[in-house]
Amino acid sequence: MITPNIDLHSHSTISDGLLTPTELVSYASQRQVQVLALTDHDDIAGLKEARLMSQKLDIIFINGVEISVTWRKRTIHIVGLNFDESNSFLINGLKQIRQGREERAKKMAHSLGMAGIFDSLDGAKKYAKHSTIGRIHFAQFLVSQGYAKDIKQVFKKFLTPGKPGYVDHEWATLENAVSWINGAGGDAVIAHPGRYDLGKKLYPVLLNEFKNLGGTGIEVMSGSQDPSQSKYFAELAKEYSLFSSCGSDFHGPGISHRAIGFDKKLPNQCKPIWLKWSKIIKGIH
Ligand code: AMP
Ligand code: MN
Ligand code: MN
Ligand code: MN
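What you see is a predicted model, and the numbers here were worked out from it, not measured in a lab.

(A) Region of the structure containing the coordination of the manganese ion (ligand 2). Taken together, Asp-16 (OD), His-41 (NE2) and His-251 (NE2) make up the full set of protein donors to the manganese ion (ligand 2), lying 2.2 Å away. Motif for the manganese ion (ligand 2), donor spacing along one chain: D-x24-H-x209-H.

What follows is the structure, given as structure tokens:
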């Protein structure tokens, strides 16, 4: 079987990516992506532009979003796919999370101020421009001021638990995120499960809860997790009757582990999530 080039996780300048939705789709086309989802953090403002460009370049476009969730005091990400972007519950839910991001940004700036780094809110906002503000924008500001040599180093020194600039934040509940996505006719997927470090006890608890809430799938392959973990998540997907998804989690050339459309063959026992969308993805298996 030839694996189709399907990438169901990517970011644009609407959240913390470097490319505009139009540039992102052009880049995906150069990389032979056939099916693409744009999944900006807590924001769907880029979907229209990305869909238009996808139509021009003959890419099958899937509506997407990556919702920030707090589960058992941890931040996890839930990707929503193939939903109706005009659904008001989803739109309002995402708006609430973005307001929370503004509040968190003020607290992050305060925390950096305590460490002697001033004016970081204005600095981060210059990078965020009109996008949804996030840690990446603070990271870019800190690098520009010489506090670290690159984005990777900056996250090591700042912006992560226990370091200056990190503040705990209460995101959406798992129940809310799944219900907004399902209510808009979409599919909810656990993003990059390998990044949560939950251990052999808590992963089954998360998957069980997610499945009971109406979750559909799990990213068995992700550009932002170790490929060696895919076997474990493929087994869990089977055990909990979840579909499997794959995506690069591309944020921009040079800042992502994997380029958009990276080689990400799902293990054989997986049920690819796109099998649910046969009407949209005709001829691609
Ligand atoms: P936020 O949702 O604003 O808390 O930011 C989370 C985003 O920060 C992730 O989606 C990544 O884009 C980025 N990020 C988090 N940790 C790291 C890291 N260690 N290195 C580079 N980027 C990171
Ligand atoms: Mn990001
Ligand atoms: Mn994520
Ligand atoms: Mn992502």
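(B) Molecular detail of the coordination of the manganese ion (ligand 4). Only His-9 (NE2), His-11 (NE2), Glu-66 (OE) and Asp-249 (OD) from the protein coordinate the manganese ion (ligand 4), and they sit 2.1 to 2.2 Å from it. Going along the chain, you hit the donors of the manganese ion (ligand 4) in the pattern H-x1-H-x54-E-x182-D. Between the manganese ion (ligand 4) and the manganese ion (ligand 2) the interatomic distance comes to 4.7 Å. Here the residue His-9 occupies a position in the loop between strand 1 (6–7) and helix 1 (21–30), and Glu-66 occupies one in strand 3 (residues 60–71), the gap between them amounting to 57 residues. In terms of burial, His-9 and Glu-66 fall into one category: buried.

(C) Quick peek at the site of ligand 1. With respect to spatial proximity, the complete set of residues near ligand 1 consists of Asp-16, His-41, Arg-101, Arg-104, Gly-134, Arg-135, Ile-136, Ile-151, Phe-155 and His-251. For ligand 1, an oxygen atom lies 2.9 Å from a polar atom in the side chain of His-41. A distance of 2.6 Å is found between an oxygen atom of ligand 1 and a side-chain nitrogen or oxygen belonging to Arg-104. Here ligand 1, which alone exposes 500 Å², has 78% of that area covered by the protein. Spatially, ligand 1 is embedded in the largest pocket. Considering only residue class, the shell around ligand 1 consists of three nonpolar, three polar and four charged.

Here is what the cut-offs are and how they apply
- Residues numbered from 1 in each chain as written.
- Chains lettered and ligands numbered in written order.
- Predicted model: local features only at pLDDT ≥ 70, side-chain atom pairs only at ≥ 80, totals over all residues.
- Heavy atoms only, no water.
- Donors = N, O, S within 2.8 Å, 3.2 Å for Na, K, Ca; no water.
- Helix = DSSP H or I, 4+ residues; strand = E, 2+ residues; numbered from the N terminus.
- Buried < 20%, exposed > 50% of the residue type's maximum accessible area, 1.4 Å probe, protein only.
- Near = heavy atom within 4 Å.
- Polar contact = N/O pair within 3.5 Å; in protein donor to acceptor, adjacent residues only side chain to side chain.
- Areas by Shrake-Rupley, 256 points an atom, 1.4 Å probe, with all protein chains shown as cover.
- 1 Å grid on protein atoms, 1.4 Å probe; cavity = no way out; pocket = protein on both sides within 12 Å on 5 of 7 lines; lining within 4 Å.
- Sits in = over half its atoms within 2 Å of the grid points.
- Nonpolar A, V, L, I, M, F, W, Y, C, P; charged D, E, K, R; others polar.

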